[in-house]
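Report on the structure
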Amino acid sequence: MQYVEPSREVLAETLLAAGPDAATLCAGWRTQELAAHLYLREHSPKVGAALILKPWKTISEKATVKLAAESSTPQAYAALVEKFRAGPPKMSPLSLRAVDHSANLIEFFIHTEDIRRASDRWAPRALDTDYSQALWAELIKRAAILYRSVDLGVVLVDPSGPRHVAKRAPVSVAIIGDPGELLLHANGRIGQALVSFEGQPDAVALLQTAPVGL
């Protein structure tokens, strides 16, 4: 659980370095929309609930657009990022360490890469082994949901040894990569995840066009 706070710091610094108008891998979002989303999910009960209750999604979208527009200047954007860096309110469930870990470990890693990999020039980060193992542990908890729409069996393979069957089917494809890369693939960052595939060519082709993630 010790990796959430350092991940928050890295994400905050990445947001600041990019500035308010940089591209991200989140469709339709610049960094100012992403910063607004990150702040609101921890500070607005309605926005937080909307992430679970799909009928409330419009509330979340409107609040994000409004706050992003208010944070379009460098000064306002930096202030918003600093509010995110400070963490959730003390009365928030996210202030509980276990909840914070479950909700934010993956969120912060993916959104950091959403900024880094949206540029033309980027390289994968060298992650601490224990951090990679923590990402792997969270990935396998969610893998069945993330690959539920894939009409194939899916096996996740970490080159260092661990394997996890995300979905069983008569025809399967193995997705091979470091835990962070597998996590990005499972969350729909298919074009930017540094993974390889093993399986029948037609099955691999089907996986590469299948809907993945939430």
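About the thresholds
Residues numbered from 1 in each chain as written. Predicted model: local features only at pLDDT ≥ 70, side-chain atom pairs only at ≥ 80, totals over all residues. Heavy atoms only, no water. Helix = DSSP H or I, 4+ residues; strand = E, 2+ residues; numbered from the N terminus. Rg over C-alpha atoms; globule rule 2.2 N^0.38 Å. Phe/Tyr/Trp six-rings, centres within 6.5 Å; stacked < 30°, edge-to-face > 60°. Buried < 20%, exposed > 50% of the residue type's maximum accessible area, 1.4 Å probe, protein only. Core = buried A, V, L, I, M, F, W, Y, C linked by side-chain atoms within 4.5 Å. Contact = heavy atoms within 4.5 Å. Axes fitted to C-alpha atoms, helices over the stretch in contact; angles between N-to-C directions. Parallel < 35°, antiparallel > 145°, perpendicular 65-115°, else oblique. Left-handed = near helix turned anticlockwise from the far one by under 90°. 1 Å grid on protein atoms, 1.4 Å probe; cavity = no way out; pocket = protein on both sides within 12 Å on 5 of 7 lines; lining within 4 Å. Points joined across faces, edges and corners; volume = space filled by probe spheres on them. Salt bridge = Lys/Arg side-chain N within 4 Å of Asp/Glu carboxyl O. Lys, Arg positive; Asp, Glu negative; His and termini not counted.

**Focus on the overall build of the protein chain**
When helices and strands are tallied, the protein chain shows 9 helices and 4 strands. Its helices and strands taken in sequence order, the protein chain reads α-α-α-α-α-α-α-β-β-β-α-β-α from the N to the C terminus. Relative to the compact-globule value of 17 Å for 214 residues, the protein chain shows a C-alpha radius of gyration of 18 Å, a close match. Along the three orthogonal principal directions, the C-alpha set of the protein chain runs to about 50 × 35 × 35 Å.

**Regarding the packing of aromatic side chains**
Overall, the coordinates contain 3 aromatic pairs when judged by the stated rule. Each ring, one from phenylalanine 84 and one from phenylalanine 108, has its centre 5.4 Å from the other, and the planes form 90°; the classification is edge-to-face. Taken together, the positions of phenylalanine 84 in helix α5 (residues 74-85) and phenylalanine 108 in helix α6 (residues 97-116) put the pair 24 residues apart, joining distant regions of the chain. In this structure, phenylalanine 84 and phenylalanine 108 share a single accessibility class: buried.

**A few points about the nonpolar core**
One finds Leu15, Leu139, Tyr147, Val150, Leu156 and Ile175 to be the most contacted residues of the largest nonpolar core, which totals 49 residues. Top contributing element to this core by residue count: helix α7 (residues 129-146), with 7 residues. Sequence-distant contacts of leucine 15, that is, excluding residues within four places in its chain, are made with Thr31, Leu34, Ala35, Leu38, Tyr77, Val81, Phe84 and Ile115.

**Examining the packing of α7 against helix α8 (residues 179-186)**
Between α7 and α8, the shortest axis-to-axis distance is 9 Å and the interhelical angle comes to 25°. Between α7 and α8, the crossing angle belongs to the class labelled roughly parallel. For α7 against α8, the interelement crossing comes out left-handed. Contacts between α7 and α8 involve Ser132, Leu135, Trp136, Leu139 and Leu146 from the first element and Pro179, Gly180, Leu182, Leu183 and Ala186 from the second.

**So, the layout of surface pockets**
By volume, the second largest pocket amounts to about 170 Å³. In terms of lining residues, the second largest pocket is bounded by 13 residues, among which Arg125, Leu127, Ser132, Asp178 and Glu181 are the most central. The set of elements that each furnish at least two residues to the lining of the second largest pocket consists of α6, α7 and α8. The element best represented in the lining of the second largest pocket is α8, accounting for 3 residues.

**Notes on the pattern of salt bridges**
Throughout the structure, instances matching the rule amount to 16 salt bridges. The closest approach of N and O atoms between arginine 125 and glutamate 113, which form a salt bridge, is 2.8 Å. Of this pair, arginine 125 sits in the loop between α6 and α7 while glutamate 113 sits in helix α6, and the two are 12 residues apart along the sequence. On the basis of relative accessibility, which here comes to 1%, the residue glutamate 113 falls in the buried class. Overlapping salt bridges, with partners in common, bring together Glu113, Arg116, Arg117, Arg125 and Glu181 in one network.

**Here we look at the side chain of aspartate 158**
Inspection of the secondary structure assignment puts aspartate 158 in the loop between β1 (153-157) and β2 (163-167). The side chain of aspartate 158 sits in the buried core without any salt bridge; arginine 163 is the nearest counter-charge, 11 Å away. Residues within four places of aspartate 158 in sequence aside, it is in contact with Trp136, Gly177, Asp178, Pro179 and Leu182.

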